[in-house]
Each structure stands twice: as C-alpha cells, then as structure tokens.
Amino acid sequence: MDRIFNMDNKFFTFMGRVADLMILNVLFIICCIPIVTIGASVTAMYYVTLKIIRNEDSYIARSFFKSFKENFKQSTIVWLIFLAGGILLVLDFMIMRQVEGSFSTVVTYGLGIITLVYAMVLLYVFPVISRFYNTTKNILRNALLMSIRHLPSTLAMLAITVIPVLLTLFIAEVLVYGSVVWIMVGFALIALANSWFFNRIFNKYIPEDEQETDEEEELEDIGDWSEPIPGVTPIPSFARKTEEPSDEAEEAPAEIEDTSEDSSEDSADDTEAPSEDTADDTDTADGEEASPAETE
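Criteria and thresholds
- Residues numbered from 1 in each chain as written.
- Predicted model: local features only at pLDDT ≥ 70, side-chain atom pairs only at ≥ 80, totals over all residues.
- Heavy atoms only, no water.
- Helix = DSSP H or I, 4+ residues; strand = E, 2+ residues; numbered from the N terminus.
- Buried < 20%, exposed > 50% of the residue type's maximum accessible area, 1.4 Å probe, protein only.
- Contact = heavy atoms within 4.5 Å.
- Core = buried A, V, L, I, M, F, W, Y, C linked by side-chain atoms within 4.5 Å.
- Salt bridge = Lys/Arg side-chain N within 4 Å of Asp/Glu carboxyl O.
- Patch = residues over 30% accessible without salt bridge, like charges linked within 9 Å, V, L, I, M, F, W, Y side chains within 5 Å.
- Areas by Shrake-Rupley, 256 points an atom, 1.4 Å probe, with all protein chains shown as cover.
- Phe/Tyr/Trp six-rings, centres within 6.5 Å; stacked < 30°, edge-to-face > 60°.
- Axes fitted to C-alpha atoms, helices over the stretch in contact; angles between N-to-C directions.
- Left-handed = near helix turned anticlockwise from the far one by under 90°.
- Nonpolar A, V, L, I, M, F, W, Y, C, P; charged D, E, K, R; others polar.
- Parallel < 35°, antiparallel > 145°, perpendicular 65-115°, else oblique.
- Expected span 1.5 Å × (residues − 1).
- Bend = angle between axes of the 7 residues up to and from the residue.

A. Highlighting the overall build of the protein chain. Counting secondary structure elements, the protein chain contains nine helices and zero strands. Sorting the 296 residues of the protein chain into buried and exposed places 32% on the buried side. Taking all contacts inside the protein chain whose residues are at least 6 apart in sequence as the whole, residues at least 24 apart take part in 70%.

B. Representation of the nonpolar core. One finds F64, Y124, V125, F198 and F202 to be the most contacted residues of the largest nonpolar core, which totals 46 residues. Of all elements in the fold, only α1 (10–32), α2 (38–53), α3 (60–70), α4 (72–97), α5 (102–131), α6 (136–149), α7 (151–170) and α8 (172–202) reach the threshold of two or more residues within this core. F198 has contacts with Y46, L50, L123, Y124, P127 and M157, leaving out every residue within four places of it along the chain.

C. Examining the pattern of salt bridges more closely. One pass over the full model with this rule turns up three salt bridges. In this structure, the salt-bridge partner of K66 is E70, at a minimum N-O distance of 3.2 Å. With K66 and E70 both in helix α3 and four residues apart, the pair spans about one turn of that helix. Take K66: its relative accessible area is 31%, and that puts it in the partly exposed class. What makes E70 exposed here is its relative accessible area of 54%.

D. The arrangement of a nonpolar patch on the surface in detail. Residues V162, I163, V165, L166, L167, L169, F170, I171 and V174 make up a contiguous nonpolar surface patch of roughly 770 Å² in combined accessible area. Tallying contributions element by element places α7 first for the nonpolar patch, with seven residues.

E. Layout of the packing of aromatic side chains. Per the stated rule, a full pass over the model turns up eleven aromatic pairs. Plain terms: the ring middles of F64 and F65 are 5.4 Å apart, the flat faces sit at 85° to each other, and that makes the pair edge-to-face. Judged by relative accessible area, F65 falls into the partly exposed class, the value being 41%. For the ring pair F68 and F72, a centre distance of 5.7 Å and an interplane angle of 50° mean the geometry is tilted. Residue classification places F72 among the partly exposed residues on the basis of a relative accessible area of 34%.

F. Up close: the packing of α5 against α6. Orientation of α5 relative to α6, taken along the N-to-C sense of each, is 115°, at an axis distance of 8 Å. Like other packed secondary-structure pairs, α5 and α6 cross with a definite hand, here right-handed. Residues V117, M120, V121, Y124, V125, V128 and I129 of α5 form the contact with α6, whose own contacting residues are I139, L140, A143, L144, M146, S147 and I148. Looking at the contact of α5 with α6 residue by residue, the classes come out as 13 nonpolar, one polar and no charged.

G. Expanded view of the packing of α1 against α8. It is the contact of α1 with α8, at a shortest axis distance of 7 Å, that shows an interaxial angle of 100°. Accordingly, the angle class assigned to the pair α1 and α8 is roughly perpendicular. Across from L21, M22, L24, N25, F28 and I29 in α1, the residues of α8 making contact are W182, I183, M184, V185, G186, F187, A188, L189 and L192. Tallied by class, the residues present in the contact of α1 with α8 amount to 13 nonpolar, two polar and no charged.

H. Main features of the side chain of T37. Relative to the elements of secondary structure, T37 occurs in the loop between α1 and α2. Given the relative accessible area of 12%, T37 is considered buried. Not counting residues up to four positions away in its chain, the partners in contact with T37 are C31, C32, F68 and F72.

I. Highlighting the environment of L175. Mapping L175 onto the fold places it in helix α8. For L175, a relative accessible area of 39% puts it in the partly exposed group.

J. Looking closely at α7. In this model, α7 (20 residues) spans 27 Å end to end at C-alpha, consistent with the 28 Å of a helix rising 1.5 Å per residue. Along α7, the residues classified as buried are T154, M157, L158 and T168. Those residues of α7 that are buried lie in contact with α5, α6 and α8.

K. Here's a closer look at unusual backbone geometry. For I35, which is not a glycine, the phi torsion comes out positive at approximately 70°. By the element assignment, I35 lies in the loop between α1 and α2. Phi is positive for N55, close to 60°, though the residue is something other than glycine. Assignment of secondary structure puts N55 in the loop between α2 and α3. Judged by relative accessible area, which is 63%, N55 ranks as exposed.

L. Fine view of α5. With 30 residues, α5 should reach 44 Å at 1.5 Å per residue; the first-to-last C-alpha distance of 44 Å fits that figure. The largest bend in α5 is about 25°, located at V125, with the proline P127 one to four residues further on.

Spatial relationships are all this shows, so hold off on functional conclusions.
Given below as structure tokens:
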C-alpha cells in the first residue's frame, strides 16, 4: 500500500508532469491572445520544456513569466519579422494561383522552397532565443545554420509540429476531439517533444563542463565548442566564469618573498644591535650598584 500511494512512484510522477504541461499550455494560450506576444509566449514555453527535458525542477508559472519578461523585446521583434514574411508568402501564393502558364509553376516551386526554409528557421528561432543570448541578426543566422546542419532532426520536428495541425484542420472527426486536446495540452506537448531534439542539438554548442543549471550564479562565456557556429554564445546559465592569472600576478609572490627575506635580515640586525647596548647598560648598572658597596 505504501508503494501505491508513494508520491515518487511512476504514476504520480507522470500525472504531475501532465499537470505541469496543462498549466504551461493554458499560460501559453492566454499570453498568445494579443497576437503580438506570440513570439515571447513561444520562447517562454520552450524555456520551460527545455528545463523539463533536462530534469530541472522549477515552478512552471514562475519560469514561464521569467523568460517571457526577459526575452519579450527580442522575441517580439523576431515574431513581427516572421509574421510579415508569412503574410507576404501567402499573398504570393494567392497571386500565383491566378496566373497560368509555366512561369507561375516555376515561381510556385520557388515559393515552396522559400516556405520550407521559412518554416525551418521559424522552428528554431524561438528555442534558440530561450537558450542563447545574441543579437537579433545572429539569432536568425544561427537558427538557419542549425536547421541545415541538423537537417534530419529538423525534418522530424517539422513533422511533429505540422502533421497534428493538418490533421486537425482537414479532418472533421479529428477537429472535434483535437480541439479539446489542443486547448488542454496540445501546444505544450508538441514543444516538449521538440525540446528533446533541441536539447541534444544545443548541447553540441555548450562545453560539457559548463552545463550548470544554477540560474543565480553570475557566469559568462568560456571554452571552445566542438562544432562552433559563428555568433552562437551560451547564455550565462550554462557557462562558468574563470579567470587565468596574469604574468604579473605570478611574479608578485617571488618579489614579496625577496622583500620579506630582506626585511627579516634587517630586523635581525636591528635585534642584535640593541642586544649589545643592552649588555653595556647592564654592565654599567652592575658597576653603579657595586660602587656603593665598595664605598661602604
């Protein structure tokens, strides 16, 4: 009976994780309502799911709003860029549907390739923001380079993300029940599945001995990456600060030791000198004491 009601058994652990994902999903949906905040919401969601994959215990709401606040500006700028690009792509496809001939076919295929690259970068950019700090330009470039370098994982994550959406939109039976799943846990569940891939990918750009999880430590970037991408820099939470002693600092003890030896010799001389004076004074005192005795 004790094992059944033990809060550490697999059943209660699983149910606790499901509850965490439901809370995260609700927070994500609420924060996406203004539309403009979708980018910051996605970043915050991936920040939490990446911590779950790394088995880091944390408060879901506190971690979500912490990342939401810290990455709001950059995530919003990136989201508006992708929103504008997505609208342009939709308009281009609509225009090409009205055009006939081989030209429209070639342009449509070209737009398809651009859409694929757009989706690949969009898939990576917000998780990258949640895990790394950098300029917006470098964030976009690194997201593109990572998506190409890890193409098999990228295609797998695209399938995990896109297939449920297509099934929900184009199959009526799935739409009814799928909508309930999306509202309860759908978005967070997909982010959690993708975070398993992202965690493995991001670890390639962080030194193993620097993967610390204490967010209160003040840390900065050190070390060389096994497969570096220009401009990718680990966030402070994953890189410890170290300082190498300078040459002057190394030579200082030697100078101090020499000085201490000189000072010890001087002090020894000073100590010996007073001893002679003290002996003379002692003899004089003895003489003065002896003289009265002789007078008597």
